Amino acid sequence: MKKYVMALDQGTTSSRCILFDKQGNIRAKAQKEYTQIYPKPGWVEHDPKEIWSSQYGVMAEAMALLSEEERIEAIGITNQRETTIVWEKATGEPIYNAIVWQCRRTAEQIDRMKEEDPELCSYITEKTGLIPDAYFSASKIAWILDHVEGARQRAEKGELLFGTVDTWLIYNLTKGNVHVTDYTNASRTMLFDIHGLTWDKKILDYFRIPEEMLPQVKPSSCVYGHANLGSLGENIPIAGAAGDQQAALFGQCAFDKGDVKNTYGTGCFLLMNTGTQAVQSKEGLLTTIAAGRAGDDNLSGDVEYALEGSVFVAGAAVQWLRDGIEMIEKAPQTQQLCESVPDTKGVYLVPAFAGLGAPYWNPHARGMMVGITGGCKKEHFVRATLESIAYQTDDVIRAMEQDAKLSLSQVKVDGGASANDFLMQFQADILGSKVMRPKCIETTALGAAYLAGLAVGYWKDKQEIKENWQLEREFHPAMDAKESETRRKGWKKAVRTAIFWAQEEE
Ligand code: ADP
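Residues numbered from 1 in each chain as written. Predicted model: local features only at pLDDT ≥ 70, side-chain atom pairs only at ≥ 80, totals over all residues. Heavy atoms only, no water.

This part is about the packing of helix α13 (residues 421-431) against helix α16 (residues 481-502). Closest axis-to-axis distance for the α13/α16 pair is 8 Å, and the angle between their directions is 95°. As the angle between them shows, α13 and α16 are arranged roughly perpendicular. The residues of α16 that touch α13, namely those facing Phe 426, Asp 429 and Ile 430, are Ser 484, Arg 487 and Arg 488. Along the lines of polarity and charge, the residues of the contact of α13 with α16 split into two nonpolar, one polar and three charged. (Axes fitted to C-alpha atoms, helices over the stretch in contact; angles between N-to-C directions. Helix = DSSP H or I, 4+ residues; strand = E, 2+ residues; numbered from the N terminus. Parallel < 35°, antiparallel > 145°, perpendicular 65-115°, else oblique. Contact = heavy atoms within 4.5 Å. Nonpolar A, V, L, I, M, F, W, Y, C, P; charged D, E, K, R; others polar.)

This is the structure we're talking about:
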């Protein structure tokens, strides 16, 4: 009998299901987009029922591709992080739509907190590893309790439950029997003490969130419960859960201290494994719990940590070239355009379309192109855009190295824009370290599958999993170190110019 591990990848725009075999090959795959709800500018919601139904639908679709002799050994979950759902304990009915991580409805409340209570903000950063923001679940839960009639009292009476999307899926898969989350998802709520591994009473008090409504927090790799899926299968262990970025770090087999992965999507998401040490950043990065556990092969030691940084505009700049200023027709075309010129002729593009993230943290900065001369052609413009993705990544990685006092030797990459060979080579040149692109770029789903498979013995240990990681292509730094340094200096100057331009006039 052939056996597979099922990964449920519940993302911001679609629900996916992928069945992996022991070698990490994909046996079956199904995906469904679902509705984005925008009640007001800056507000984003999902229907929790549709999250569940779309996820259930793709599970059925993927399972239908199996034959009689094939079985599912375990289920692993990975999910959009921070998205907040509150439902009735008695019925499992949500009392409000899911408030999506991107939703800015509580931004003012967080701004006020920063102004009125800087001490609490420092406390939050120290305990949760996060820089207070409306992205995280805490203020979203409080918003639901404040705005749905009677919710606060009902929560206090123990009638309501909160969960991130992993919790919601496990709850539904077990027909309401299990109310849990994993360390990685808990570490994105802004309510969880990542050092003491408990919900933090002081922060709960500030947001007036009763602890009874919170899920029990468990390791990312353990059996949470069993799913009875009727004709889809009986008693399947749900054995892994991790937030999407942490799952990708695990799926990339970035198990060792100093290992870094970068996902080149609309934005870039970078995570560095810092082992059992929770590094508090001085460079504006977040500290978070990684999916693996120290100790290890049975994943039973203490938790491991990661530093996280993101670039807001990465692939989005390529989309802008295509749809905004219509300079290209398709994203892959940029590779040939970039390679057709030896450099940008001194042009830099800073895609600060919505401010700058780590390590600059300037919400006012706006996009800028500098260094244009009469010889600047479309190719140089496009190249400057692609190069900006590599420079921004370089900025975050150098901040990570500084914080963790580690120097990295390689970066593992995935995401749509990692397919661009020019970008990957330029990245290696600017970083001065190797860029490794794996064959399987479904690293998020694969990470969830690995976590579940390890818990049930489908894979013996991390070593066995590591053997699955196959290199598709490796990019070595080829640029002279001095040249790379000069170009990085130029980039820094361009960033300073963009920040200067955004300053208020005296
Ligand atoms: P997301 O998960 O954020 O939607 P994906 O991982 O699917 O992103 O990657 C899509 C992004 O990558 C888009 O912004 C697109 O512009 C960019 N992209 C896709 N292919 C290429 C390519 N060959 N070169 C450069 N950018 C690309």
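Moving on: the site of the ligand. Close contacts around the ligand come from 14 residues, with Thr 266, Gly 315, Gln 319, Gly 416 and Asn 420 the closest. At 2.6 Å from an oxygen atom of the ligand is found a side-chain nitrogen or oxygen belonging to Thr 266. Between the ligand and Gln 319, the relevant distance is 2.9 Å, taken from an oxygen atom to a side-chain nitrogen or oxygen of the residue. Computed on the free molecule, the ligand has an accessible area of 570 Å², of which 66% lies beneath the protein chains in the complex. If you tally residues by element for the shell around the ligand, the top one is helix α10 (residues 315-324), at four residues. (Near = heavy atom within 4 Å. Polar contact = N/O pair within 3.5 Å; in protein donor to acceptor, adjacent residues only side chain to side chain. Areas by Shrake-Rupley, 256 points an atom, 1.4 Å probe, with all protein chains shown as cover.)

Within the secondary structure layout, Gln 246 lies in helix α9 (residues 244-251). Relative accessible area serves as the criterion here: at 0%, Gln 246 is assigned to the buried category. Engagement of the side chain of Gln 246 in a polar contact is seen with the side chain of Arg 81, the distance being 3.0 Å. Beyond its immediate stretch of four places on either side in the chain, Gln 246 contacts Arg 81, Thr 184, Ser 187, Arg 188, Leu 271, Thr 288, Ile 289, Ala 290 and Ala 291. (Buried < 20%, exposed > 50% of the residue type's maximum accessible area, 1.4 Å probe, protein only.)

When you tally the buried positions in strand β21 (residues 410-414), you get five out of five residues, the bulk of the element. Taking every second residue as pointing to the same face, both faces of β21 are buried, with Gln 410, Lys 412 and Asp 414 on one and Val 411 and Val 413 on the other. The pairing of strand β15 (residues 260-264) with β21 spans four bridges and is parallel. From the neighbouring strand, Thr 263 faces β21, where its bridge partner is Asp 414. Two elements, β21 and strand β22 (residues 434-438), share three bridges in a ladder whose sense is parallel. Of the residues in β22, the one forming a bridge with Gln 410 is Lys 434. What joins β21 to β22 is α13, and the crossover it makes is right-handed. (Pairing = 2+ DSSP bridges. Right-handed = clockwise from strand over helix to strand, strands pointing away.)

Time to look at the pattern of salt bridges. Applying the stated criterion across every chain, the model contains 30 salt bridges. For the salt bridge of Lys 3 with Glu 73, the shortest nitrogen-to-oxygen distance reads 3.6 Å. Here Lys 3 is found in strand β1 (residues 2-10), whereas its partner Glu 73 is found in strand β5 (residues 70-79), with 70 residues between them in sequence. A residue is classified by how much of its surface remains accessible, and Glu 73, at 23% relative accessible area, is partly exposed. Lys 492 serves as the salt-bridge partner of Asp 395, at 3.3 Å between the closest nitrogen and oxygen. Of the two residues, Asp 395 sits in helix α12 (residues 378-404) while Lys 492 sits in helix α16, which places them 97 residues apart along the sequence. Of the residues examined, Asp 395 reaches a relative accessible area of 5% and is grouped as buried. Given the relative accessible area of 34%, Lys 492 is considered partly exposed. (Salt bridge = Lys/Arg side-chain N within 4 Å of Asp/Glu carboxyl O.)

Moving on, we get to unusual backbone geometry. A negative phi angle characterises most non-glycine residues, just as the trans form characterises most peptide bonds. A cis amide bond links Ala 358 to the next residue, Pro 359, at an omega of -5°. Counting through the fold element by element, Pro 359 comes out in the loop between β19 (348-350) and β20 (368-370). The phi dihedral of Lys 405 is positive, around 50°, even though this residue is not glycine. Mapped onto the elements of the fold, Lys 405 is located in the loop between α12 and β21. For Lys 405, a relative accessible area of 68% puts it in the exposed group.

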